[in-house]
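So the chains spell out like this:
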Amino acid sequence: MPTTMEDVTAKTEAIEIDPKSGLALKPTMEKEKLVSEGEPKTTETAQEKPNCTNGAKTEEEKNEKSGQEKEPNGATVKEEEVPVEVEPKTGISFAVKLEDGMQLKAVGLRKKSMLGMGLKIYGFGIYADNEKLKDLMRSKIGKAPSKPTKEMYQIVIDSDFGMMVRLVIVFSNLTMSMVRKNFDEGLGAAIKKLTGGKNEELTKKIMGEASDDIKLTSGSVIEISRLPGYVLQTRVKGEIVSKVESELLCRAFIYMYLGDDPFDKEAKEKFGASMVSMF
């Protein structure tokens with residue numbers, strides 16, 4: 001008696017497609033045997049075939065490497081890029097906004113004369129609590145000035161709202177003792193300008209706890225923050241090395257960048273322009 005269509009099933013290949021990569025995942029072969037009426041049907045499933053891509057990476061692996069993620073529907077989602085500003089003399093990039101909300105107000109370069117040459121020591125970015133700075137300027141100054149005034153800079157120097165200067169080392173042979181000496185000299189000169197006298201004990205506190213064993217290379221980061229309450233905190237390569245509560249020390253530190261004889265005049269002018277734009 002001839003077999004019917006119900007008794008015979010052709011061989012079928014079912015290929016499962018990855019919705020993310022569009023590649024075949026598990027090739028399976030379902031083969032149903034000829035059976036007589038009343039006998040149960042059996043199904044064979046082929047084992048998963050090995051990946052024969054000769055080392056080629058899938059789209060998913062590439063995305064993993066590049067930091068990209070994918071939505072469940074397969075759409076690629078790129079990580080949000082943080083806008084940066086580049087310090088032109090060094091090529092160092094500074095994030096326009098930090099995770100804590102502080103915003104970049106100016107970038108600049110610290111140079112030092114050594115052996116008759118002007119050496120690039122570090123690039124720097126000056127950050128501030130933008131809302132606190134805006135409120136301060138509007139309450140103290142009132143009417144919008146046409147250009148930044150000495151009074152505006154002095155208000156920033158004397159206040160205690162959050163600020164931070166990020167230093168990125170450029171000079172590859174810089175040592176911790178050289179950094180300490182540089183800050184002692186700068187702070188000493190600033191304190192003398194502000195008070196008319198010296199305070200060597202205070203100037204040494206900013207880098208006093210930083211070990212000479214800390215290795216500084218080109219690209220190393222030092223962050224010095226003025227915290228509310230006139231606290232000056234120093235981080236070297238992510239490690240807190242000092243935290244000093246002193247109004248005079250905080251004023252002297254900001255004075256080095258925004259005072260009468262700043263490390264970088266262009267950076268001071270950029271900071272001033274940002275204050276004017278707040279009105």
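Residues numbered from 1 in each chain as written. Predicted model: local features only at pLDDT ≥ 70, side-chain atom pairs only at ≥ 80, totals over all residues. Heavy atoms only, no water.

In the nomenclature of an unreviewed UniProt entry, the protein chain corresponds to CHI protein from the organism Nicotiana tabacum. Under the UniProt heading Sequence similarities (unreviewed entry), the entry covering the protein chain gives this text: "Belongs to the chalcone isomerase family." (UniProt positions renumbered as here; feature names shortened; annotations may be inferred.)

All right, on to empty space enclosed by the protein then. Overall, the coordinates contain one cavity of 30 Å³ or more when judged by the stated rule. Empty space within the largest cavity amounts to approximately 50 Å³. Along its surface, the largest cavity is lined by Ile121, Tyr122, Leu167, Ile169, Leu174, Val179, Asn182, Phe183 and Ile222. Elements with a minimum of two residues in the lining of the largest cavity: β9 (117-128), β10 (163-169) and α4 (176-195). If one sorts the elements of the lining of the largest cavity by residue count, α4 sits on top with three residues. (1 Å grid on protein atoms, 1.4 Å probe; cavity = no way out; pocket = protein on both sides within 12 Å on 5 of 7 lines; lining within 4 Å. Points joined across faces, edges and corners; volume = space filled by probe spheres on them. Helix = DSSP H or I, 4+ residues; strand = E, 2+ residues; numbered from the N terminus.)

Counting residues in each nonpolar core, the largest one holds 55 residues, and the members touching the most others are Val156, Phe183, Phe253, Tyr257 and Leu258. If you tally residues by element for this core, the top one is helix α6 (residues 247-258), at nine residues. The residues contacting Phe183, other than those within four sequence positions of it, are Tyr122, Leu167, Gly188, Ile206, Met207, Ile224, Phe253, Met256 and Tyr257. Formed by ten residues, the second largest nonpolar core is a distinct cluster that contains Ile92, Met102, Val107 and Tyr127. (Core = buried A, V, L, I, M, F, W, Y, C linked by side-chain atoms within 4.5 Å. Buried < 20%, exposed > 50% of the residue type's maximum accessible area, 1.4 Å probe, protein only. Contact = heavy atoms within 4.5 Å.)

Another aspect to go through is a nonpolar patch on the surface. A cluster of nonpolar residues, Met114, Leu115 and Met117, forms a patch on the protein surface that exposes about 340 Å² of accessible area. Mapped onto the elements of the fold, Met114 is located in strand β8 (residues 103-114). Residue Met114 is classed as partly exposed on the basis of its relative accessible area, which comes to 31%. (Patch = residues over 30% accessible without salt bridge, like charges linked within 9 Å, V, L, I, M, F, W, Y side chains within 5 Å. Areas by Shrake-Rupley, 256 points an atom, 1.4 Å probe, with all protein chains shown as cover. Salt bridge = Lys/Arg side-chain N within 4 Å of Asp/Glu carboxyl O.)

Within this structure, the stated rule accounts for seven salt bridges. Measuring nitrogen to oxygen at the nearest pair gives 3.0 Å for the salt bridge that ties Glu185 to Lys112. You can see Glu185 sitting in helix α4 and its partner Lys112 sitting in strand β8, a full 73 residues away along the chain. You can call Glu185 partly exposed: its relative accessible area is 38%. The exposure class assigned to Lys112 is partly exposed, which follows from its relative accessible area of 26%. Arg180 serves as the salt-bridge partner of Asp212, at 3.1 Å between the closest nitrogen and oxygen. Placement of the pair is Asp212 in the loop between α5 (200-203) and β11 (221-227) and Arg180 in helix α4, with a sequence separation of 32 residues.

Strand order in the open sheet made by the six strands is β8-β9-β10-β11-β12-β13, with antiparallel pairing throughout. Whereas interior strands pair on both sides, the edge strands pair on one side only; in this sheet they are β8 and β13 (239-245). If you compare each strand with its neighbour and ignore which way they point, the axes differ by 20° on average. Bridging between β11 and strand β12 (residues 231-236) involves six bridges; their strand directions are antiparallel. Among the inter-strand pairings, Ile224 is bridged to a residue of β12, identified as Thr234. Sheet strands touched by α4: β8, β9, β10, β11 and β12. Its angle to β8, the strand with the most contacts, is close to 105°. Against the sheet, helix α7 (residues 265-276) makes contact with β8, β9 and β10, and its axis sits at roughly 165° relative to β8, the strand it touches most. (Pairing = 2+ DSSP bridges. Axes fitted to C-alpha atoms, helices over the stretch in contact; angles between N-to-C directions.)

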